[in-house]
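# Overview (structure and organization)
Letter by letter, the chains look like this.
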Amino acid sequence: MGLSLVEKLWARHCVADLGDGTDLLYIDRVLLHERTGSMALKGLKEQGRAVRHPDRAFVCMDHIVDTLPGRSDTTIMPGGTAFIHETRAAAAEAGIRVFDIGDDRQGIVHVVSPEQGIALPGATLVCPDSHTCTQGGLGTLAWGIGSTEAAHALATQTLVVKRPKTMRVRFDGALPPGVGAKDMILHLIAAHGAGGGSGYAIELAGSAVSALSVEARMTLCNMAVEFAAWTGLVAPDAKTIDWVKGRPFAPKGDLWDAAIADWQGLVSDADAVFDKEIRIDCAAIAPTITWGTSPQHAVPLTGHVPDPDTAADATAAQARRRALDYMGLKAGDALVGLPIDGAFIGSCTNSRLSDLRAAAAVLKGRKVAAGIRAICVPGSMQVKAAAEAEGLHLVFQAAGFEWRESGCSMCFFAGGEHFGKGQRVVTSTNRNFENRQGPGTRSHLASPVTVAASAIAGHIADPRSFLGEG
Amino acid sequence: MQKFTRLTGIAAPLFRANVDTDAIIPSREMKKVSKEGLGEGMFADWRYSDVANRVENPDFILNWPCFRKAPILLAGPNFGCGSSREHAVWALQDYGIRCVIAPSFGAIFQGNCVRNGILPLVLPEPSVAALAQAATPQLLTVDLAAQSVRVPDGTELPFTIAPADKEMLLEGLDAIGVTLKRLPAIRDFEGSYRARNPWLFF
Ligand code: SF4
């Protein structure tokens, strides 16, 4: 019997079998940010323990830093400066590199790491952040952990991990126009539930995944955690190798040749057996948007808010009722045409150059509707610079979008900026939880093109009516 | 780490699906680089009708006098999904919750519980639902060594837990200390691993 990609990566990182399905795994890269990484570094220091390989750990300042032009260590989030200062000092003391405010490599950790060549195909990578699975888009075995686990990884370069079950999700067929990776993953979660991937490492495969750009594969993997998966990943291919080549921390020269020779073998064997397989026909995927407060509360954009009474069970029905109440909606409401107050393009889900290009194609020559607060936050300062080199910032600004410095920004609310109570926001982020983007804020998750189209229309709008014109 | 062996206490029902860690501890309640005092912010958006002034919402279950000091939470499926923030566990711990019983957990949250002396206990959904919907507050006895939950009518509900997690909780182990005992094996592995994958090293 052949092996799946996850099983191959597992085997090559296994330091010791600890029994009962648990292994000690070798960790190639540890990433940290000022929100939770600070706690990992503090924990180690309190225990008097050292970081074993500081050269393979990296800190990004992304969660708490402001994203307004002219930013400094002072933050809109109350008390944020202390997080920044403590993280910076602890990293310096441990000898860990920091992509700090003012550094032209600064940005959201899951955008920066692939972009800098820190995440590599076949490597293991952890970060005390649930969206670490984003980096699976490169074929990295990357997963989110807690701060205590991060301290363990820093001190030992290993983690004790339970072997996950394996799942393959095959997306086959051609994606209809206006449909992208964000719609694919929302469609999957809507069909199989926010708990559908629980206990699994998921390989995302199939002809439609092969056809995606590397950046889009990261969007797909980003929301594996919203599917409750342990992680998600895509087997590396020629596109991945091209994408990684020449990045600052990627191998060079002979080491590069050795690396790409190794990466060729990083595929699931033809006769690999998965604990579960799901097949999705991409022709059936429409632009998708959430109506409620769980990523599973997603429907085709042209659809309607479902009736709680049609939910699978009483618990799901109750959750739908709560969601309707929070979102200010009722069963049967159409999504298209629902007036919005805000539009947000950013986050580790959809803030890479290809996302900004796609949104800009919709925005070009158009204006955001009156009264809509529209914000674009590039995922990294590198993305921002690349976008500006193409003039994308001018398109966003001319349309009426704010054009920000990079960071997590209003993807989540930490006491700083927010859209406000009851405000309805179409957002390219990954979580529509209650209060995620601010107390009482109503978030509708969608692709960057749907966000752009909605910003122009002033209500939830179908991006397909904006494509190919303008 | 605080050990978990046996616990008898009232179980507070919070049987909702997909309760995420943002709900358990909202980001703005994580005010310092510290674990201290997070209990006050636990479930802040549900627990307070006016969060800023800490005005309690009398309808929220943990504000009912009978459940205020409950050390056990009866939760819905996929409890603790979402953000990896360990602050969610530190908040529960600071508040006094020692055991969460649910049909399933978010994976990172479940790991975080075990590393902080909180037992994430999995029971089938109908059992949790029945306990949560009981007309009176349920006094439960959770015995980790025996892997059973005794409910008020005397029934023992068995549960399974990964042996490594069980040991960690029963012994209150320091996970880093345990792994560091394997340092020679890690060093051996590193040597051959580096020879095979030199491109992963700087
Ligand atoms: S962009 Fe949002 S989801 Fe991504 S790491 Fe930052 S806060 Fe988390």
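Use the structure listed above.
The structure contained in this document is the topic of the report that follows. Just so you know, these numbers come straight off a predicted model, no measurement behind them. (Residues numbered from 1 in each chain as written. Chains lettered and ligands numbered in written order. Predicted model: local features only at pLDDT ≥ 70, side-chain atom pairs only at ≥ 80, totals over all residues. Heavy atoms only, no water.)

Helices and strands together make up the secondary structure of chain A, namely 15 helices and 19 strands. Taken against the 2.2 N^0.38 rule, which gives 23 Å for 470 residues, the C-alpha radius of gyration of chain A at 21 Å falls within 12% of a compact globule. Taken along its principal axes, the extent of the C-alpha atoms in chain A is 55 × 55 × 45 Å. Looking at chain A as a whole, 67% of its 470 residues are labelled buried. Taking all contacts inside chain A whose residues are at least 6 apart in sequence as the whole, residues at least 24 apart take part in 76%. With 44 positive and 49 negative side-chain charges, chain A shows a separation of 2 Å between the mean positions of the two kinds. (Helix = DSSP H or I, 4+ residues; strand = E, 2+ residues; numbered from the N terminus. Rg over C-alpha atoms; globule rule 2.2 N^0.38 Å. Buried < 20%, exposed > 50% of the residue type's maximum accessible area, 1.4 Å probe, protein only. Contact = heavy atoms within 4.5 Å. Lys, Arg positive; Asp, Glu negative; His and termini not counted. Charge placed at Lys NZ, Arg CZ, Asp CG, Glu CD.)

As a further point, take the overall build of chain B. Along chain B, the regular secondary structure elements total eight helices and nine strands. Seen along its three principal axes, the alpha-carbon backbone of chain B occupies a region of about 65 × 45 × 25 Å. Taken as two groups, the 21 positive and 21 negative side-chain charges of chain B have centres that lie 5 Å from each other.

Interfaces are frequently sized by the accessible area removed from exposure as the parts join. Opposite the 56 residues of chain B that make contact, chain A presents 76 residues. Overall, the association of chain B and chain A removes approximately 5200 Å² of surface from exposure, summing both partners, and the carbon and sulfur fraction of that is 59%. Sorting the residues of chain B by area buried against chain A places B:Val33, B:Trp199 and B:Phe202 first, and these three jointly supply 18% of that buried surface. Run the count over chain B and chain A and you get five salt bridges. Between B:Asp22 and A:Arg436 there is a salt bridge whose closest N-O contact spans 3.0 Å. On the surface where chain B and chain A come into contact, there are 21 residue pairs in polar contact (both at pLDDT 80 or more). Broken down by secondary-structure element, the contributors of at least two residues to the side of chain B that touches chain A are α2 (44-47), α3 (87-95), α4 (107-114), α6 (163-171), α7 (175-180) and α8 (183-196) of chain B. Element by element, the count of residues in the side of chain B that touches chain A is highest for α8(B), at eight residues. Residue composition of the side of chain B that touches chain A, grouped by class: 25 nonpolar, 13 polar and 18 charged. (Buried area = accessible area lost by both parts, 1.4 Å probe. Salt bridge = Lys/Arg side-chain N within 4 Å of Asp/Glu carboxyl O. Polar contact = N/O pair within 3.5 Å; in protein donor to acceptor, adjacent residues only side chain to side chain. Nonpolar A, V, L, I, M, F, W, Y, C, P; charged D, E, K, R; others polar.)

All names here are of chain A. Here we have five strands laid out as an open sheet, ordered β5-β4-β3-β6-β7, and parallel in their pairing. Either end of the sheet is taken by a strand with one partner, and the two such strands are β5 (97-99) and β7 (141-144). Each adjacent strand pair in this sheet contributes to an overall mean axis angle of 20 degrees, direction not counted. With four bridges connecting them, strand β3 (residues 29-33) and strand β4 (residues 57-60) associate as parallel partners. Counted as the bridge partner of Val 30 is Ala 57 from β4. (Pairing = 2+ DSSP bridges. Axes fitted to C-alpha atoms, helices over the stretch in contact; angles between N-to-C directions.)

A few words on the pattern of salt bridges. Residues and elements named next belong to chain A. Within this structure, the stated rule accounts for 36 salt bridges over all chains. Here Arg 170 and Asp 172 are joined by a salt bridge, their closest N and O atoms 3.3 Å apart. What makes Arg 170 partly exposed here is its relative accessible area of 23%. On the basis of relative accessible area, Asp 172 is assigned to the partly exposed category, the value being 22%. In this structure, Arg 357 and Glu 390 form a salt bridge, with 2.4 Å as the shortest nitrogen-oxygen distance. With Arg 357 in helix α12 (residues 353-363) and Glu 390 in the loop between α13 (381-389) and α14 (392-399), the pair connects residues that are 33 residues apart, well separated along the chain.

Moving on to the nonpolar core. One recurring pattern in soluble globular proteins: nonpolar side chains tend to sit buried together. Grouped together as the largest cluster of nonpolar side chains are 87 residues, with contacts concentrated most on A:Phe396, A:Phe401, B:Phe43, B:Phe79 and B:Leu92. Residues in contact with B:Phe79, not counting those within four places in the same chain, are B:Val19, B:Ile24, B:Phe43, B:Leu73, B:Val100, B:Ala102, B:Ser104, B:Phe105, B:Gly106 and B:Phe109. Membership of the second largest hydrophobic core comes to 75 residues, among which are A:Cys60, A:Met218, A:Leu233 and B:Ile186. (Core = buried A, V, L, I, M, F, W, Y, C linked by side-chain atoms within 4.5 Å.)

Excluding glycine, most residues fall at negative phi; most peptide bonds, likewise, are trans. Residue and element names in this part refer to chain B. Residue Asn 18 is not a glycine yet carries a positive backbone phi of 55 degrees. Relative to the helices and strands, Asn 18 is located in the loop between β1 (6-14) and α1 (21-24). By relative accessible area, Asn 18 is classed as buried at 16%. Even without glycine at this site, Gln 147 takes up a positive phi of about 55 degrees. Examined against the element boundaries, Gln 147 turns out to sit in the loop between β7 (138-143) and β8 (148-150).

Glancing now at the site of the ligand. Residue and element names in this part refer to chain A. As a matter of local geometry, the ligand sits amid His 63, Ile 108, His 110, Asp 129, His 131, Ser 347, Cys 348, Cys 408, Cys 411, Phe 412, Asn 430 and Arg 436. When the residues that make up the shell around the ligand are grouped by side-chain class, the tally is five nonpolar, five polar and two charged. The two domains that each donate at least three residues to the shell around the ligand are domain 1 (5-263) and domain 2 (290-466). (Near = heavy atom within 4 Å. Domains from an automatic or database assignment.)

This brings us to the sheet that holds strand β2 (residues 22-26) of chain A. Residue and element names in this part refer to chain A. Strand order in the open sheet formed by three strands is β1-β2-β8, with antiparallel pairing between adjacent strands. The open sheet terminates on both sides in strands that have one partner only, identified here as β1 (14-19) and β8 (158-162). Neighbour-to-neighbour, the strand axes of the sheet open up by a mean angle of 25 degrees, direction not taken into account. Inspection of the sheet shows β2 paired to β8 by five bridges, in the antiparallel sense. The partner of Leu 25 across the bridge, within β8, is Leu 159.

Quick look at the packing of aromatic side chains now. Per the stated rule, a full pass over the model turns up 23 aromatic pairs over all chains. A ring pair is formed by A:Phe58 and A:Phe249, whose centres lie 5.2 Å apart and whose planes are at 75 degrees; its orientation type is edge-to-face. Of the two residues, A:Phe58 is situated in strand β4 and A:Phe249 in the loop between α9 (238-244) and α10 (253-263); the sequence distance between them amounts to 191 residues. Residues A:Phe58 and A:Phe249 agree in their burial class; the two are buried. On the basis of an interplanar angle of 85 degrees and a centroid distance of 5.4 Å, the ring pair of A:Trp263 and B:Trp199 is categorised as edge-to-face. Pair noted here: A:Trp263 is in helix α10 and B:Trp199 is in the segment after α8, and the two residues belong to different chains. With respect to burial, A:Trp263 and B:Trp199 carry one shared label: buried. (Phe/Tyr/Trp six-rings, centres within 6.5 Å; stacked < 30°, edge-to-face > 60°.)

Residue placement: A:Thr240 occurs in helix α9. Distance from A:Thr240 to A:Thr302, taken between C-alpha atoms, is 34 Å for residues 62 residues apart in sequence.

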